[in-house]
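Here is how the chains run, residue by residue.
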Amino acid sequence: MYRDLAEKRVFDDQLPEFFQPHMTVLEVGCGSGRWTGWLAERCKHVVALDLSPEMVALAQETVPNENITWHAGTVLELDPDWSFDSVYLSGCLQYMSAELISEMFSWIKTSISTDCQLVTRDTVSMLNTGFHRNERYSNNDPAIYRTVEEYQDLLRPYQWDLSQSWQTYLPPRLGWLMRTLPSAWVRNWEQRELNTVTSRIRQVNFSQGNGDKKHCFFLYRQE
Ligand SMILES: C[S@@+](CC[C@H](N)C(=O)[O-])C[C@H]1O[C@@H](n2cnc3c(N)ncnc32)[C@H](O)[C@@H]1O
């Protein structure tokens, strides 16, 4: 809840022009629709897809906006006549192989407007190389945390040029304490923290990370 609010606040503050009322947006890997309704409120139309039919069904139930076309499957199955003004992927590239990413971006290339922008929300490796999550963490999550450079190498052949990046949010340091406090007090604190946090975040300096991964937004423009 905190992360969701914080990320959306950061996005609105950092890049208000990315989603505009005249735009048709492609959202790949919509999951349960965490971003889909938010996108639909800001844009003319959203095409939201996910590989998992269960996720799409859940999203359809929870996100009521009428300006959304849902699809269970991959981008390769979409109608090639779409012309997208923005493309958004949140937490999705990390579950895709390099081959799948290439396939997807070659399809996307043929279905975008000339000034289309791409935003991804990725967990990136802060180490010298990318790594598979389960090499360093105990659960079985198959995510691949690539470096920023690895993502640039994957996207460059499709003329996507990284132009801006910023951290998704700064997690509150006292999470354990917040869980013991009354929820009304916590909500109030979250609002105040959000205001402070979002005014502090600017372009990320990747060398300042203190862990092995970081959650960031990346804005790519067409070269
Ligand atoms: C971590 S979830 C992120 C969900 C949502 N975008 C969010 O930020 O909360 C990643 C989603 O990507 C979907 N996914 C993985 N590979 C995909 C692919 N090749 N095409 C479409 N969706 C994919 C998964 O099914 C999953 O729902």
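Residues numbered from 1 in each chain as written. Predicted model: local features only at pLDDT ≥ 70, side-chain atom pairs only at ≥ 80, totals over all residues.

K.L.:
Outline the overall build of the chain, supporting the account with residue identities and numerical values.
P.N.:
A count of helices and strands for the chain gives eight helices and nine strands. Counting the 223 residues in the chain, one finds 29% classified as buried. (Helix = DSSP H or I, 4+ residues; strand = E, 2+ residues; numbered from the N terminus. Buried ≥ 20, exposed ≤ 12 C-beta atoms within 10 Å, placed from the backbone.)

K.L.:
Go over the site of the ligand, please, and point to the residues and values.
P.N.:
Around the ligand, a shell composed of 18 residues is seen, among which G29, G31, R34, S90 and G91 lie nearest. The residue inventory of the shell around the ligand, partitioned by class, reads ten nonpolar, six polar and two charged. (Near = placed C-beta within 6 Å. Nonpolar A, V, L, I, M, F, W, Y, C, P; charged D, E, K, R; others polar.)

K.L.:
Break down the sheet that holds strand β9 (residues 213-222) for me, citing the residues and quoting the values.
P.N.:
The seven strands lie next to each other as β3-β2-β1-β4-β5-β9-β8, forming an open sheet whose pairing is mixed. Each end of this open sheet is capped by a strand with a single partner; those strands are β3 (68-72) and β8 (160-167). Strand-to-strand twist in this sheet, taken as the mean axis angle between neighbours without regard to direction, amounts to 20°. Bridging between strand β2 (residues 45-50) and β3 involves five bridges; their strand directions are parallel. Residue pairing across strands places A48 opposite W70, the latter belonging to β3. Strands in contact with helix α3 (residues 53-62) are β2 and β3; relative to β3, the strand with the most contacts, it is inclined by about 155°. (Pairing = 2+ DSSP bridges. Axes fitted to C-alpha atoms, helices over the stretch in contact; angles between N-to-C directions. Contact = placed C-beta atoms within 7 Å.)

K.L.:
Requested: an account of the environment of G130, with residues and values cited.
P.N.:
Take G130: it is sitting in the loop between β5 (112-125) and β6 (131-132). With 20 residues separating them in the primary sequence, G130 and E150 have C-alpha atoms 7.7 Å apart. Not counting the four nearest positions on each side in its chain, G130 is found in contact with S125, I144, Y145, R146, T147 and E150.

K.L.:
Explain the environment of E150 residue by residue, including any values.
P.N.:
Tracing the backbone shows E150 in helix α6 (residues 148-155). Separated by 26 residues in the primary sequence, E150 and V124 place their C-alpha atoms 9.5 Å from one another.

K.L.:
Describe in detail the confidence of the model for the chain, supporting the description with residues and values.
P.N.:
Residue-level pLDDT values for the chain average 86, and 82% of them are 70 or greater. Considering only residues more than four positions removed or in separate chains, one finds that residues 197-210, a stretch of pLDDT under 50, has 20 contacts. (pLDDT = per-residue confidence, 0-100.)

K.L.:
How would you summarise the pairing of β9 if you had to cite specific residues and measurements?
P.N.:
One face of the sheet, then the other: side chains in a regular strand alternate in exactly this way. Direction of pairing for β5 relative to β9: antiparallel, over a ladder of nine bridges. Within the sheet, the bridge partner assigned to Q117 lies in β9 and is R221. With seven bridges connecting them, β8 and β9 associate as antiparallel partners. Counted as the bridge partner of Q167 is C216 from β9.

K.L.:
Explain the nonpolar core to me, using residue names and the numbers behind them.
P.N.:
Within the largest apolar cluster, 41 residues are counted, with the highest numbers of intra-cluster contacts made by V25, L39, V46, A48 and V87. When neighbours within four sequence positions are excluded, V46 is seen to be in contact with V25, E27, T36, L39, A40, N67 and I68. (Core = buried A, V, L, I, M, F, W, Y, C linked by C-beta atoms within 7 Å.)

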